[in-house]
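Listed below are the residues making up each chain.
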Amino acid sequence: LPDEMELHPAAVLAEIMVKPKTHKTAVIDGARALAVMGEYAAEYASDALGQLVNRGDPDARFEIIRAIQRVGPRSADKTAPALAIAVIDDDLGTPFLRYQAALALEV
């Protein structure tokens, strides 16, 4: 991706993903696209990823956590608090999701 764009694709995806009525598949596909963008998405999508970690369907949450892992440490300030909650709160997900959130905190 170019270093600078007028409107970054990660920003567009993030804006769509955090809308309350966004369909699960749109969130999953958006998270996968952000994961492919990796560190280039950090500046534009970290806030949205942090908001979505503990919201919605477990499948979507798994893809969000995976995207955070791929975006890397540049997203830590926006995502680490939500990931920490995902690790310790039994009501927010399965043991597998909590494990993945813990792995994302190690990145």
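To start, this report covers the structure provided alongside it. (Residues numbered from 1 in each chain as written. Predicted model: local features only at pLDDT ≥ 70, side-chain atom pairs only at ≥ 80, totals over all residues. Heavy atoms only, no water.)

## Describing the nonpolar core
If you look at soluble globular proteins, the nonpolar side chains tend to sit buried side by side.
Move 1: Formed by 28 residues in total, the largest nonpolar core has its most connected members in Leu34, Val53 and Ile64.
Move 2: Taken together, the elements giving at least two residues each to this core come down to helix 1 (9–17), helix 2 (24–37), helix 3 (42–52), helix 4 (58–71), helix 5 (76–88) and helix 6 (95–106).
Move 3: Excluding its chain neighbours within four sequence positions, the residues that come into contact with Ile64 are Met17, Val27, Ala31, Leu49, Leu52 and Val53. (Core = buried A, V, L, I, M, F, W, Y, C linked by side-chain atoms within 4.5 Å. Buried < 20%, exposed > 50% of the residue type's maximum accessible area, 1.4 Å probe, protein only. Helix = DSSP H or I, 4+ residues; strand = E, 2+ residues; numbered from the N terminus. Contact = heavy atoms within 4.5 Å.)

## Quick look at the pattern of salt bridges
Move 1: In this structure the tally under the stated criterion is 5 salt bridges.
Move 2: Here Asp59 ties to Lys24 by a salt bridge, and the two come within 3.2 Å at their closest N and O atoms. In this pair, Asp59 is assigned in helix 4 and Lys24 in helix 2, connecting sequence segments 35 residues apart.
Move 3: Here the salt bridges do not stand alone but share partners, grouping Lys24, Asp57 and Asp59 into one network. (Salt bridge = Lys/Arg side-chain N within 4 Å of Asp/Glu carboxyl O.)

## As for the environment of Phe96
Move 1: On the secondary structure map, Phe96 appears in helix 6.
Move 2: Along the sequence, Phe96 and Phe62 sit 34 residues apart, while their C-alpha atoms lie 8.9 Å from each other.

So, to be careful, I would describe these as geometric facts and stop short of saying anything about function.
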